[in-house]
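Spelled out, the chains give:
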Amino acid sequence: MNFIGLLQCLVTFVITLSWNGQVVTNGQDVVGNPQPKIIGGEQAILGDFPWQGMFLQRTSPSQASLVCGCSLIATRWVLTAAHCTIDRQSSDILVRFGTVDKYNPESSAKEYKIERICQHPEYDPNTLLNDISLLRVADNVQYSSYIQPIPLPNQGAQVPVNTTCTITGWGSISAQIQILPDYLMEAEVPVISNDQCSQWYLSTMATTQLCAGYKEGGIDTCQGDSGGPMACPTAPSGGQYILQGITSYGRGCAQAFSPGVYTRVSEYVTWIEVTTGSANRLFGTNKVLASVCLVVYTLLHLSNNAAF
């Protein structure tokens, strides 16, 4: 095995640990009753968000119901929230892309089976830390004008405060009672600093979390939007969308001083690359080295947690 390559692997993951190591204080108080959570938005246009997917749970051999949102990131890989996959079997999950109509999918819609769930090994259902899962699709997703992957950020990259990002989903459009839309909804929300978010939630937000919304509320994700994307442009004036957040939880929906809390994708890019095998761009084509790196990553994370 290439010693230099292994050393690179170890250094990369030690750096990753230093980014991911912050502990959430009073995490249970932050979460309360998690909202598997677009209020204040508008109907999306087919093709505007070609990475947006429907996470479906089989209810019978011929039927399935919407559980969460998800994002296409590669031909065989989909990203969603861990609280969407917990206690579910891959054989019971379907993903659908290329549609905005929930009940009458357009001809552009394609549905795929899931062959494997890769839930983050450190997901905590009590605090919703590490609320991220990968789904391996059974067949290659066929790209089209309406189905395209969304790029990931660089590991550790920060989204500037006040960046206007777009949230999408088929979740409730009412904060008072659950009213589910027939069509995909979209809305824009600004990124809020973790310090400000922590003050409003009266509990510390981890570096692996990202907050977005308005002080006065009114626009937010809600029940049914969980696992869906928060996509942010590469420049204030627009540009390519990057997947910066995964809808995780909130205190109610669209309430004042209660922005949505998202899993910060940039803190998990190394884990995603190693898990999906796309770590080749970091470690070359040596699959053995990539496997060793995954073991090292897991062991270092476990030892890091044991220290707290």
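Residues numbered from 1 in each chain as written. Predicted model: local features only at pLDDT ≥ 70, side-chain atom pairs only at ≥ 80, totals over all residues. Heavy atoms only, no water.

### Considering the overall build of the chain
And step 1. The number of helices and strands found in the chain is seven helices and 13 strands.
And step 2. A burial count over the chain gives 53% of its 308 residues as buried.
And step 3. On the chain, roughly 13300 Å² of surface is accessible, and the fraction owed to carbon and sulfur atoms is 52%. (Helix = DSSP H or I, 4+ residues; strand = E, 2+ residues; numbered from the N terminus. Buried < 20%, exposed > 50% of the residue type's maximum accessible area, 1.4 Å probe, protein only. Areas by Shrake-Rupley, 256 points an atom, 1.4 Å probe, with all protein chains shown as cover.)

### Topic: the confidence of the model for the chain
And step 1. Taken as a whole, the chain shows an average pLDDT of 84; of its residues, 78% reach a score of 70 or greater.
And step 2. Within the model, pLDDT remains below 50 along residues 1-37, and this stretch shows 90 contacts once partners closer than five positions in the same chain are excluded.
And step 3. Here residues 280-287 scores under 50 on pLDDT; set against residues more than four positions off or in separate chains, the count is ten contacts. (pLDDT = per-residue confidence, 0-100. Contact = heavy atoms within 4.5 Å.)

### Topic: the sheet that holds strand E3 (residues 63-74)
And step 1. Strand order in the closed barrel formed by six strands is E2-E3-E4-E7-E6-E5, with antiparallel pairing between adjacent strands. In this sheet, adjacent strand axes meet at a mean angle of 45° when their direction is disregarded.
And step 2. As judged from the four bridges shared by strand E5 (residues 93-97) and strand E6 (residues 110-119), these two strands associate in the antiparallel manner. Its bridge partner being in E6, Val95 is matched across the sheet by Tyr112.
And step 3. Where helix H5 (residues 269-276) meets the sheet, its contacts fall on E3, strand E4 (77-80), E6 and strand E7 (133-137), and the angle it forms with E7 comes to roughly 30°. (Pairing = 2+ DSSP bridges. Axes fitted to C-alpha atoms, helices over the stretch in contact; angles between N-to-C directions.)

### Side note on the pairing of E7
And step 1. A large share of E7 lies buried, amounting to five of its five residues.
And step 2. Residues Ser133, Leu135 and Val137 line one face of E7 and the alternating positions Leu134 and Arg136 line the opposite face, and both faces are buried.
And step 3. Examined bridge by bridge, E4 and E7 share four bridges and lie antiparallel to one another. Looking across to E7, one finds that Trp77 is bridged to Arg136.
And step 4. Taken together, the five bridges between E6 and E7 define a ladder with antiparallel strand orientation. Bridging across to E7, Ile114 finds its partner in Val137.

### What about the state of the cysteines?
And step 1. Enumeration according to the criterion identifies four disulfides in this entry.
And step 2. The disulfide bridge from Cys165 ends at Cys232, spanning 2.0 Å between sulfur atoms. Across the S-S bond of Cys165 and Cys232 the torsion is about 105°, and the bridge reads as right-handed. Separated by 67 residues along the polypeptide, Cys165 in strand E8 (residues 164-169) and Cys232 in strand E11 (residues 229-235) bring together distant segments of the chain. (Disulfide = S-S within 2.5 Å.)

### Observations regarding the nonpolar core
And step 1. Grouped together as the largest cluster of nonpolar side chains are 40 residues, with contacts concentrated most on Phe55, Ile73, Leu79, Phe97, Leu134 and Ile272.
And step 2. Per-element tally for this core: the top contributor is E3, with five residues.
And step 3. With sequence-adjacent residues up to four places away left out, Phe97 is seen in contact with Trp51, Gln52, Gly53, Cys70, Ser71, Leu72, Val78, Ser108, Ala109, Lys110, Tyr112 and Ile147.
And step 4. Counting residues in hydrophobic clusters, the runner-up holds 13 residues, among them Val159, Ile167, Val189 and Val191. (Core = buried A, V, L, I, M, F, W, Y, C linked by side-chain atoms within 4.5 Å.)

### Topic: the pattern of salt bridges
And step 1. In the structure shown here, the tally under the stated rule is three salt bridges.
And step 2. Linking Glu115 and Arg76 is a salt bridge whose minimum nitrogen-to-oxygen distance equals 3.4 Å. Pair noted here: Glu115 is in strand E6 and Arg76 is in the loop between E3 and E4, with a separation of 39 residues, a long-range link.
And step 3. For Glu115, a relative accessible area of 38% gives the class partly exposed.
And step 4. Taking the relative accessible area as the measure of exposure, Arg76 reaches 18% and is therefore buried.
And step 5. The partner of Arg96 in a salt bridge is Glu111, with the nearest N and O atoms 2.7 Å apart. Here Arg96 is found in strand E5, whereas its partner Glu111 is found in strand E6, with 15 residues between them in sequence. (Salt bridge = Lys/Arg side-chain N within 4 Å of Asp/Glu carboxyl O.)

### A few points about the pairing of strand E10 (residues 209-212)
And step 1. Neither face of E10 is left uncovered, since the one carrying Gln209 and Cys211 and the one carrying Leu210 and Ala212 both have all their residues buried.
And step 2. Across two bridges, the pairing between strand E9 (residues 185-192) and E10 is antiparallel. Bridged to Val191 within E10 is Ala212.
And step 3. Bridge count between E10 and strand E13 (residues 260-264): four bridges; the pairing is antiparallel. Counted as the bridge partner of Ala212 is Gly260 from E13.

### A word on the side chain of Thr163
And step 1. With respect to the secondary-structure elements, Thr163 resides in the loop between E7 and E8.
And step 2. Judged by its relative accessible area of 15%, Thr163 is buried.
And step 3. Filtering out sequence-adjacent residues up to four positions away, Thr163 remains in contact with Val189, Pro190, Val191, Cys232 and Pro233.

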